[in-house]
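Chain by chain, the residues:
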Amino acid sequence: MTQTEIVHIPVMRGEVLENMNLRDGGVYVDATIGTGGHAEAILESVRGCTLIGIDVDEDAIAFARERLSGYGNVFFIRDRFTRIKEIVRDCGYERVDGVLMDLGVSTLQLRSEHRGFSFLSNAPLDMRMDTTQRLTARDIVNTYPESRLAEIIWRYGEERLSRKIARAIVRERKKKPITTCRDLASLVERIVKRRGRIHPATRTFQALRIEVNQELHELERSVFNAADVLNRDGRLCVLSYHSLEDRIIKNAFKRLAQQGIFRIITPRPIRASREEVLRNPSSRSAKLRVLERGE
Ligand SMILES: C[S@@+](CC[C@H](N)C(=O)[O-])C[C@H]1O[C@@H](n2cnc3c(N)ncnc32)[C@H](O)[C@@H]1O
């Protein structure tokens, strides 16, 4: 997909910039560079800064590299953000002045015709952010026991009809494997009624994506690692889109604050304004939490 076909609106752009405490010449990490929207905003806001952009998705790195080709001092690293400490060190820095983590899925992934993230596409059920890993959504849908499928759809998708959906998946796959996004979406559509503008398969797809990419697995450790690389007065901003993610971040921040070195800037998460939610529905569930290193 070309740059102009993708319009990724960075969620809470203004709130992120304000809370990153940016300064000229600073060193910042965008740990989830995606399509480079927030990264570009950071690069435009201050002069002479260095940006280390990380993403586990090779396509994201290629896309961001092209988008930000006009800026000097940008590193593009395809890796998992859990490794932030090693990455920062490999780029030649001990500490940095700010870290942004914008969790979840990017427009580039959702809009891709072959990555299998979208219930609107007829792509193979894949959903891997890291295409070097083996487990795909197709494996999960066609091999996990019914009870585990139901648990995942319930926990990660908060889908009330999780058991019914799991039962239908198992019934269907006995006839033939479920291989495309459309197959799965139409199966879910037979069970879940449309709620307003939200597609009936939204929650099931979200649950599978979280399971495929083990999105909650290393999150707590990643937050600790990100906090660890901050300079004094440096800030960690985390945008999350799911209550389970938000809880992990909230608790990680609390534990860090108990060490006496860090200060929680947002006792309650910042939410997107009503105007932003109208303009960009994907900001609806976003929560921004901010932590600052004191010494
Ligand atoms: C919501 S998007 C970021 C969008 C970005 N802020 C922008 O303005 O375009 C989230 C990105 O995080 C990446 N990601 C998810 N888990 C990751 C991990 N463990 N390590 C590194 N990147 C990850 C995804 O591949 C995706 O590109």
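Keep in mind that this is a model prediction, so the values were computed, not measured.

About the criteria used
- Residues numbered from 1 in each chain as written.
- Predicted model: local features only at pLDDT ≥ 70, side-chain atom pairs only at ≥ 80, totals over all residues.
- Heavy atoms only, no water.
- 1 Å grid on protein atoms, 1.4 Å probe; cavity = no way out; pocket = protein on both sides within 12 Å on 5 of 7 lines; lining within 4 Å.
- Points joined across faces, edges and corners; volume = space filled by probe spheres on them.
- Nonpolar A, V, L, I, M, F, W, Y, C, P; charged D, E, K, R; others polar.
- Near = heavy atom within 4 Å.
- Polar contact = N/O pair within 3.5 Å; in protein donor to acceptor, adjacent residues only side chain to side chain.
- Areas by Shrake-Rupley, 256 points an atom, 1.4 Å probe, with all protein chains shown as cover.
- Phe/Tyr/Trp six-rings, centres within 6.5 Å; stacked < 30°, edge-to-face > 60°.
- Helix = DSSP H or I, 4+ residues; strand = E, 2+ residues; numbered from the N terminus.
- Lys NZ or Arg CZ within 6 Å of the ring centre and 35° of its normal.

Some details on empty space enclosed by the protein
By rolling a water-sized probe across the atoms, one finds the places where empty space is left. Counted by the stated rule, this structure contains one cavity of 30 Å³ or more. When its volume is computed, the largest cavity comes out at roughly 30 Å³. Surrounding the largest cavity, Val192, Arg195, Ile198, His199, Pro200, Thr202 and Arg203 form its lining. Each residue belonging to the lining of the largest cavity can be placed in one class, and the counts come to three nonpolar, two polar and two charged.

Some remarks on the site of the ligand
In the neighbourhood of the ligand, 22 residues make up the surrounding shell, with Thr35, His38, Asp55, Asp102 and Gln109 lying closest. Within the side chain of threonine 35, an N or O atom sits 2.6 Å from an oxygen atom of the ligand. At 2.8 Å from an oxygen atom of the ligand is found a side-chain nitrogen or oxygen belonging to glutamine 109. Computed on the free molecule, the ligand has an accessible area of 610 Å², of which 96% lies beneath the protein chains in the complex. Here the residues of the shell around the ligand are counted per class, giving seven nonpolar, 10 polar and five charged.

Here we look at the packing of aromatic side chains
A complete count under the given rule lists one aromatic pair for this structure. A centroid spacing of 5.6 Å and a plane angle of 85° characterise the contact between phenylalanine 119 and phenylalanine 205, whose relative ring orientation is edge-to-face. With a gap of 86 residues between them, phenylalanine 119 in the loop between helix H5 (107-111) and helix H6 (137-143) and phenylalanine 205 in helix H10 (residues 202-212) connect regions that are remote in the sequence. A cation over a ring is seen here: arginine 148 above tyrosine 144, with NZ or CZ 4.0 Å from the ring centre.

Here's the deal with unusual backbone geometry
Peptide bonds are mostly trans, and most non-glycine residues show a negative phi. Despite not being glycine, asparagine 73 has its phi angle at roughly 55°, a positive value. Summarising the element assignment, asparagine 73 is placed in the loop between helix H3 (58-67) and strand E3 (74-78). Phi is positive for methionine 127, close to 70°, though the residue is something other than glycine. Looking at the element boundaries, methionine 127 is found in the loop between H5 and H6.

Read these as geometric descriptors, not functional statements.
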